[in-house]
Amino acid sequence: MRRTKATLVALAAGALMLTACSSGGGGTGKNDTKDKQNENAKQQQSQITFGDAAASTGPAEEVAGAKPGGTLHALERDSYTHLDPAQIYVANEGALATLLHRGLTTYKFDSKGHYTVVGDLATDSGKQSDAGKTWTYTLKDGIKFEDGTPITSKDIRWSVERLFAPFVTNGPAYLQQWLANTAGSDYRKLLPDGPYKGGHLPDSVLQTPDAKTIVFHFPAAQADTPYLLAMAGYAVVDSAKDTKEKYDKAPVASGPYKIKSFESGKAMTLVKNTNWDPKTDSARHQYVDTFDITFNHQYEDSTKRLMSDAGENQTSLSFSNAVDTKSTPTVVGTASIFKRTVSGYQPFVGQINFNMKKVTDLQVRKALALAIPTKPVWQALGASYGAEYAGGFISPTLAGYQKADPLGKVAKPDGDQVAAKKILTDAGKLNTKITYAYVNTTAGQEYSVAIADALKKAGFDVQRKDLPSDTYYDLIGKVDNPYDIYASAWGADWPSTLTVIPPVFDGRTIADQAPNYSHVNDPKINSEIDRIKAITDPKQAADEWFKLNTYITTEVIPAVPTVFYKQLQLFGSKVGGVVYNNITSQIDLTKLFVKQ
């Protein structure tokens, strides 16, 4: 599993999917039951709006039938490594953060299925000026930490400045890089020790003129700032109780719940934060008295418990665990169980990368793209409840999504080996040698055999090379790796293609362990990234990203898309308010209640 800052969230889940899913068909049983994951396709593809003060005013819309009280039991496979907002960059920790932490903005998900970026601690989603280079936020009245201390602009400044400190190594770096106008880790030069030795960011970068006002000054226009500030990694930290590294295990809550106890790898208990005021929060609820979370529940275990719906399992769910792939046919095919499921897309897009340091011929890459079958990957991830065939590198979870299949991968998931062989023959490239590196798991073994066989039929000389799952991304992440093709997955950090195309396909980011696994460095891609980044209208920017996606897919071909990831989750019969949240890519934790 990769653990570098810029790719942690995506590859944590991507590697998980690559290495942890069992094969064995994973069929969905009868297909006459409507696929829940497609019910919300239109809402996922619509442009998410930035909310004004009215949209940002609490309390949140009531959940039908909800009543306060009771305990919910969460059956989790993975414990939480990081609780300090600045160190959070994996999906399960980000979802937990919706209960514990608040930032300047957040996502509101209403009963009509609409998502809006709203002011969380701030009165709105932000006011931009200077052509998108300056963003101003005003804090709400009545916002407090769990001990009752008011949250002020001093805390926001502190939370931003500590991001530059050396010990903060696991969270996102977008904000720091935007403020410093640099890439990589060079942003630390702007404030090497964070605020811990008395230093501060200059007013030309960050202003806090009074207790309520925060002003960000970016050297370049940043149209996605409201999205950015909704990331868990940019939530507020109590400046008076910051214990640096120790804060990661005992943070101060600002959300509706606080940590009563936490034993890493074993259990966590959350209780109500009595200093959270629902009048200040338009997105969250506090119906449940206690969340009892236990860890080390593998997917098979949590699925069996929840399928049984016996005793305590009736008030149980899993925040993050999906239904075990082998149990999917039974869950989907049993009406009494299926009605206790939610499902939807995850932000991750799978792809087979072509190492452009080695596979330099465009015709060879085109033949590879046409020949590779994506059906074996789809099957390994649980068929239609675990994946959907992908026609491009941009997920349906992103605002402005446009369905397309320029290479015919959706229309022909078995690949087109005949067309591929003709391309190789015409180009005089028959028997081109290809070293195919794959992850050595049951699923990886199975779909890699199918892909290798297809490539051989297309006229390639293929040698498979198995790589261990725990170091897979470390090995393919080396710029000088010896492999020609290999799989990866990437997910957006917020619903904008800004967090997909630039990190994965910008040639100026090529480095060991960087997510540009194909090592593509195309001048047009690079220049178009710069041009589109400067567009301040989100709808226009989304349209331009999709045009660039088509160019990358058909004209450069640094990789071939395989699948969009999906997830099916199960819950007990006495768990209420369960909906799938496309932003957190799992059950929405802020709406849950215990049925009385």
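These figures come from a predicted structure and were not determined experimentally. (Residues numbered from 1 in each chain as written. Predicted model: local features only at pLDDT ≥ 70, side-chain atom pairs only at ≥ 80, totals over all residues. Heavy atoms only, no water.)

### Re the nonpolar core
The biggest cluster of nonpolar side chains holds 77 residues, and the ones touching the most others in it are L175 and F216. It is helix 17 (residues 538–556) that contributes the most residues to this core, seven residues altogether. By size, the runner-up hydrophobic cluster in this structure holds 49 residues, among which are F354, Y389, L407 and I423. (Core = buried A, V, L, I, M, F, W, Y, C linked by side-chain atoms within 4.5 Å. Buried < 20%, exposed > 50% of the residue type's maximum accessible area, 1.4 Å probe, protein only. Helix = DSSP H or I, 4+ residues; strand = E, 2+ residues; numbered from the N terminus.)

### Considerations on the environment of Q286
Mapping Q286 onto the fold places it in the loop between strand 10 (267–272) and strand 11 (290–294). Once you skip the residues sitting within four places of it in the chain, Q286 turns out to touch P256, Y257, K272, N273 and W276. For Q286, the side chain forms a polar contact with the main-chain oxygen of N273, separated by 3.1 Å. (Contact = heavy atoms within 4.5 Å. Polar contact = N/O pair within 3.5 Å; in protein donor to acceptor, adjacent residues only side chain to side chain.)

### Observations concerning unusual backbone geometry
Omega for the bond connecting G58 with P59 falls within 30 degrees of zero, at 0 degrees, which places this linkage in the cis form. Secondary-structure assignment places P59 in the loop between strand 1 (49–50) and strand 2 (71–75). If you check the backbone angles, N431 has positive phi at about 70 degrees while not being a glycine. Considering the arrangement of structural elements, one finds N431 in the loop between helix 12 (417–427) and strand 15 (433–439). A relative accessible area of 56% places N431 in the exposed class.

### Some words on the pattern of salt bridges
Within the structure shown, the criterion is met by 27 salt bridges. Of the charged contacts, one joins D124 and K127 as a salt bridge, the two residues approaching to 2.3 Å between their closest N and O atoms. The salt bridge involving E544 is made with K547; its shortest N-O contact spans 3.2 Å. Highlighted residues: E544 and K547, both in helix 17, separated by three residues, approximately one helical turn. A single network of salt bridges, built from pairs that share partners, joins R102, D120, D281 and R284. (Salt bridge = Lys/Arg side-chain N within 4 Å of Asp/Glu carboxyl O.)

Bear in mind that shape data such as this cannot, by itself, settle questions of function.
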